[in-house]
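Listed here are the chains, written in short residue letters.
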Amino acid sequence: MQSMKQNKKNNGVDINDVVITIEVESGTIDRVRKGETTHIAVQIPYGIKDSLQFLVLSDGSDDCLVKILSMETEAIGEVEFEIVPVLEEPKKYLMRWNPSISSFTESDYESCLENMEHGMFRMNWSIYEWEEARRGDMFYMLRVGDSKAGIVFNGLIVSDPYVMDDWAGSSKRRLYVDLVCMNVVAPDEKPIVSLEMLQTTIPEFNWAKGHSGTLLPDKVAEKIVGLMDKDAPLLN
């Protein structure tokens, strides 16, 4: 890394928080996009690192916007960031969570909220339409099955799909992805977007029923973005 400068836009994306451009060696960006490089150590000026949410990696011929997932101080002035690329055209998936039947209970949810770091927590989740999913895609978690139904958090998919045992305990295998969850609503708060609002505003999509890990049509995803909080720290 040779130099840093402040940026406010990358690939047409507005970023309200501080973002720094890092010059990297040739090949680094390709490895980041492939998931071969997930951490990067950077010399950061004092007082800036705590406000950072994004970095722009630049090798002189290509730029890559990345979301910061975590950070650790390695030495004086040096910070190691865990990063995931922000895709120019990410696919968006709808995950469904019914606390009454899921292995992820409301108590688990409360524990995740209590142990968040940098406003985020991590988990994995089954994904039904996994074929096109990739690291850097986005998701919305829709709570269903009770009076609290609606989108309760959203975030980034930070792994490619992988196979594990069925969460419900059957003998079949399921596909999962790792998630970083943000903009989290506490169980006693209203959802970011209620199920009723989704059904009223986007009636062409079946919100109440369906698999978890459904690839959202582009037009449906665009309408969800319009309903989400514009001030949320994650790019909607």
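Refer to the structure presented above.
Residues numbered from 1 in each chain as written. Predicted model: local features only at pLDDT ≥ 70, side-chain atom pairs only at ≥ 80, totals over all residues. Heavy atoms only, no water.

Q: For this particular structure, what's the right way to read the nonpolar core?
A: Soluble globular proteins: nonpolar side chains tend toward being buried together. In terms of nonpolar packing, the biggest core is built from 21 residues, with Met95, Phe139, Met141, Phe153 and Leu179 touching the most fellow members. Of all the secondary structure elements, the ones that give two or more residues to this core are strand S7 (92-97), helix H2 (106-114), strand S8 (121-126), strand S9 (138-143), strand S10 (150-157) and strand S12 (173-182). Not counting residues up to four positions away in its chain, the partners in contact with Phe139 are Tyr93, Met95, Phe153, Asn154, Gly155, Leu156, Ile157, Leu179, Val180 and Cys181. Residues Val42, Ile44, Leu57 and Ile83 belong to the second largest nonpolar core, which totals 18 residues. (Core = buried A, V, L, I, M, F, W, Y, C linked by side-chain atoms within 4.5 Å. Buried < 20%, exposed > 50% of the residue type's maximum accessible area, 1.4 Å probe, protein only. Helix = DSSP H or I, 4+ residues; strand = E, 2+ residues; numbered from the N terminus. Contact = heavy atoms within 4.5 Å.)

Q: Quick question: what am I supposed to make of the packing of aromatic side chains here?
A: Describing an aromatic ring pair means giving the distance of the ring centres and the angle of the ring planes. Under the definition given, this model contains 9 aromatic pairs. By the ring-pair criterion, three or more aromatic residues cluster together here, those being Trp97, Phe104, Tyr109, Phe121, Trp125, Phe139 and Phe153. Over the ring of Phe54 we find Lys67, and its NZ or CZ is 5.0 Å from the ring centre. (Phe/Tyr/Trp six-rings, centres within 6.5 Å; stacked < 30°, edge-to-face > 60°. Lys NZ or Arg CZ within 6 Å of the ring centre and 35° of its normal.)

Q: How should I be thinking about the environment of Gly119 in this particular structure?
A: Its place among the elements puts Gly119 in the loop between H2 and S8. Ignoring any residue separated from it by four or fewer positions in sequence, one finds Gly119 in contact with Cys181 and Met182.

Q: What's the story with the pattern of salt bridges in this structure? I'm lost.
A: Taken as a whole, this structure holds 8 salt bridges when the rule is applied. One salt bridge in this structure joins Lys223 and Glu204, with 2.9 Å as the shortest N-O distance. Remark: Glu204 occurs in the loop between helix H3 (195-201) and strand S14 (214-215) and Lys223 occurs in helix H4 (residues 218-227); sequence separation between them is 19 residues. According to the relative accessible area criterion, Lys223 is partly exposed, its value standing at 36%. Look at the salt bridges and you will find they share partners, linking Glu106, Arg143, Asp146 and Lys148 into a network. (Salt bridge = Lys/Arg side-chain N within 4 Å of Asp/Glu carboxyl O.)

Q: Is there a simple way to think about the environment of Lys91 in this case?
A: Structurally, Lys91 can be placed in the loop between strand S6 (78-85) and S7. The class for Lys91 is partly exposed, based on a relative accessible area of 24%. Considering only alpha carbons, one finds Lys91 and Pro217, 126 residues apart in sequence, at a separation of 8.9 Å. Dropping the residues within four chain positions of it, Lys91 is found in contact with Glu132, Asp137, Met138 and Leu215.

Q: I'm lost on unusual backbone geometry in this one. Help?
A: A negative phi holds for most residues other than glycine; trans holds for most peptide bonds. Even without being glycine, Asn183 reaches a positive phi, approximately 55 degrees. Tracing the backbone shows Asn183 in the loop between S12 and strand S13 (193-194).

Q: What's the story with H4 in this structure? I'm lost.
A: Each turn of an α-helix holds 3.6 residues, which means side chains three or four residues apart point in the same direction. Every buried residue of H4 is accounted for by Val220, Ala221 and Ile224. The buried residues of H4 all sit within an arc of 100 degrees when viewed along its axis, so they share a single face. Turned more than 90 degrees from where H4 packs its buried face, Asp218, Lys219 and Glu222 sit exposed. Contacts from the buried residues of H4 go to S7, S9 and S10. (Arc of directions from axis to C-beta.)

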